[in-house]
Amino acid sequence: MITKVFSNDGALAKAIPGFQPRQPQTDMAVAVHQAIEDSGQLVVEAGTGTGKTYAYLAPALLSGKKTIVSTGSKNLQEQLFHRDLPLMTETLGYTGQVALLKGRANYLCPERLSQQLIESHDGHADPTLLSQLVKIRSWSSETKTGDLGECDALAEDSPVIPSITSTNDNCLGKECPSYEDCFVVKARTRAMDADVVVVNHHLFLADLAIKETGFGELIPEAEVFIFDEAHQIPDIASQYFGQSLSSRQLQELAKDINIAYRTELRDTKQLEKVADRLYGAAADLRIVLGEPGFRGNWRDMVGSPAIARELVRLTDALELVEEVLKLSLGRCQLLDAAFERAMVFKARLARLCDTTIPGYSYWYECSKLHFTLNITPLSVAEKFREQIQIQQGAWIFTSATLAVEEDFSHFSHRLGLEPAKQFTLPSPFDYSSQALLCVPRFLPEPNSPGLANALVDILSPVIEQNQGRCFFLCTSHQMVRNLTAGFRETLSLPVLAQGETSKQKLLAEFLELGNACWWQRVLFGKVLMLEGRH
Ligand code: SF4
């Protein structure tokens, strides 16, 4: 049955113009089908262009089993949900329910939006912020999902987003007055009821970490788990099986206490005082931690007298918050939730300061204004294996890069896997004749003022020759802005840039225009990629 789907006259050939059967793709689909039948573990390294997405989607859909597909990023998640999955469900005549579930930071929080609107009417609000909030409120009455990625009025990296989305820390849960309208709750309910749920690794691993503590679950129980871009899982798992505390979290807590004081508890002046003290203690610890952009060994720092002194002040500030908030419990939901957070943060800070427990890396990092203290387990293999044993079913891991010279032991060992089958499928692309790598010489130093102009001069003729159709990745927003301005002056082609509208609108425009260039910021490395439309 499964080989038929991928054959010359199979369902895919009938549905996709130009589809050609590829033996590696069929081999992978057969292996995925077998792993699902046996409820086994499978690891497949599938080179770029193998068609691995269809190779796992088809057997998963045909199995009729409840399936979770986890991808490496939100972008891949959207691509899978909006493009690949609809094509496969239609092609295979699949009638089950499918759902997309992202992390809570992607959904509008109606409660925080209304708090922000109340706050911004005090006459001091920035007019740009106010106008954004008004646009979001009007969008919120039309949207079905509350997914901010669909709000064209809001740029992907808009600074307003943290104030209108929730975190685990500040969500009021079932006590929330807006619970009935909550988009996070609705998205989770849809996911619970669906037969196929598309998530990303961060969300999946956050869910595993929550299950470990015995609290609520975000992701429904399933029988088939498929991880695309699986090479990212060990590192992401380390983050979620560890613990961290940031000055941002502490200051957000202080802000919420202040909001509760200003909006509902004007008679309790002490709240303002303890909030200010907490805010200041977090800021002072940031100052003694030194230069921004630094990551260091927390075990080395925690014994320094200046840091130890600030840690005592921070612990005292949290204790005082706890004492004062306790007196007003039951009077304001925001404050009740803040009280719970203060207790969690105090316990976490104590755990972070006890650096004697082996098996963990203790580290910290500083940005200009904030610090984060972290404990990361040195191995997640045991915890991950436990979860696989608890959650019986098929566990399938795939990516273009998993093996080292066809040896999967490093990857499997890091996650505690014991796959029944593992193999590599080579990429069908002939890179040496289909791709060209150019490394320009004599460019100004990174971050130097002339770099953007030099790149514009070198690349404009190449881009014109390629008739646009370019995707350009930069390492900073500033570079995106500089290059966008430079290319708009020199090119006769449309130029799209991250941050000017929502990502989905950008993507739709890029595909519709056919000859556009797209400038996007990335976090890792500097890459120039010219690609045809496909
Ligand atoms: S339940 Fe949480 S996320 Fe939902 S509206 Fe309330 S505060 Fe926001």
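Here the structure is a predicted model, which means the values were calculated and not measured.

Peer 1: Sorry if this is basic, but what is going on with helix H15 (residues 305-326) here?
Peer 2: Helical geometry: 3.6 residues make up each α-helical turn, so side chains three or four residues apart lie on a common side. Between its first and last C-alpha atoms H15 spans 32 Å; for 22 residues at 1.5 Å apiece the expected length is 32 Å, and the two agree. Taken together, the buried residues of H15 touch helix H12 (247-263), helix H13 (269-288), helix H14 (298-301) and helix H16 (333-353).

Peer 1: Please clarify how the environment of Ala403 should be interpreted in this entry.
Peer 2: Residue position: Ala403 is located in the loop between strand E10 (394-399) and helix H18 (409-415). Taking the C-alpha atoms as reference, Ala403 lies 8.8 Å from Phe423; in sequence the two are 20 residues apart. If near-sequence neighbours (up to four positions away) are discounted, Ala403 is found in contact with Glu45, Phe408 and Thr424.

Peer 1: Please explain the site of the ligand as it appears in this structure.
Peer 2: Neighbouring residues of the ligand: Arg104, Cys109, Pro110, Glu111, Ser166, Cys171, Leu172, Gly173, Cys176, Tyr179 and Cys182. Partitioned by chemical class, the residues of the shell around the ligand number seven nonpolar, two polar and two charged.

Peer 1: I keep staring at the packing of aromatic side chains and nothing clicks. Help me out?
Peer 2: Summed over the entire model, instances satisfying the criterion amount to twelve aromatic pairs. With a centroid separation of 4.2 Å and 20 degrees between ring planes, the pair formed by Phe225 and Trp395 is classed as stacked. With Phe225 in strand E5 (residues 224-227) and Trp395 in strand E10, this pair connects stretches of sequence that are 170 residues apart. The exposure class of Trp395 is buried, given its relative accessible area of 2%. Considering the side-chain rings of Phe227 and Phe397, the 5.0 Å spacing of their centres and the 10 degrees angle between planes classify their relative orientation as stacked. Of this pair, Phe227 sits in strand E5 while Phe397 sits in strand E10, and the two are 170 residues apart along the sequence. Considered together, Phe227 and Phe397 belong to a single accessibility category, that of buried residues. Positioned over the ring face of Tyr261 is Arg266, at 4.8 Å from the centre of the ring. Directly above the ring of Tyr360 sits Arg351, whose terminal nitrogen or CZ lies 5.2 Å from the centroid.

Peer 1: Which parts of the structure should I look at to understand the pattern of salt bridges?
Peer 2: For side chains bearing opposite charge, pairing can occur when the charged atoms are close. Under the counting rule described, the total for this entry stands at 14 salt bridges. Residues Asp267 and Arg331 are paired through a salt bridge, measuring 2.9 Å at the closest nitrogen-oxygen approach. Separated by 64 residues along the polypeptide, Asp267 in the loop between H12 and H13 and Arg331 in the loop between H15 and H16 bring together distant segments of the chain. Asp267 sits in the exposed class, given a relative accessible area of 58%.

Peer 1: Can you help me understand the sheet that holds strand E7 (residues 294-297) in this one?
Peer 2: Backbone hydrogen bonds are what pair the strands of a sheet, in a parallel or an antiparallel way. Ordered by their spatial adjacency, four strands build an open sheet running E6-E9-E8-E7, and the pairing between neighbours is antiparallel. Every other strand in the sheet has two partners, leaving strand E6 (243-246) and E7 as the edge strands with one partner each. With strand direction ignored, the average angle separating the axes of adjacent strands in the sheet is 15 degrees. By the bridge criterion, four bridges tie E6 to strand E9 (residues 371-377) in an arrangement that is antiparallel. Along E9, the bridge assignment pairs Gln243 with Ile375.

Reading the values: rules and limits
- All residue numbers refer to position in the chain's written sequence, counted from 1.
- Residue-level local features of this predicted model are given only where pLDDT is at least 70; pairs of side-chain atoms are given and counted only at 80 or more, and the full residue set underlies all totals for whole chains, interfaces and linings.
- The side-chain values count all of the structure's non-hydrogen atoms but skip hydrogen atoms and water molecules.
- A run of H or I in DSSP becomes a helix once it reaches four residues, and a run of E becomes a strand once it reaches two; helices and strands are each numbered from the N terminus.
- Here a helix's expected span is defined as the number of its residues, less one, multiplied by 1.5 Å.
- It only takes one pair of heavy atoms within 4.5 Å for two residues to be counted as in contact.
- One heavy atom within 4 Å of a molecule or strand makes the whole residue count as near it.
- When residues are grouped by polarity, Ala, Val, Leu, Ile, Met, Phe, Trp, Tyr, Cys and Pro land in nonpolar, Asp, Glu, Lys and Arg in charged, and all others, Gly among them, in polar.
- In this analysis, rings of Phe, Tyr and Trp, with Trp reduced to its six-membered ring, are considered paired at centre separations within 6.5 Å, and the interplanar angle assigns stacked below 30 degrees, edge-to-face beyond 60, and tilted for intermediate values.
- Only protein chains enter the accessibility calculation, which uses a 1.4 Å probe. A residue is then buried if its area is under 20% of the maximum for its type, exposed if over 50%, and partly exposed in between.
- A ring is considered to have a charge above it if a Lys NZ or an Arg CZ atom is located within 6 Å of its centre and within 35 degrees of its normal.
- Salt bridges are defined as contacts in which a side-chain nitrogen from Lys or Arg sits within 4 Å of a carboxyl oxygen from Asp or Glu.
- In this description, strands pair whenever DSSP reports at least two bridges between them.
- Throughout, an axis means a line fitted to C-alpha atoms (over the contacting stretch in the case of helices), and angles, computed between N-to-C directions, take values from 0 to 180 degrees.

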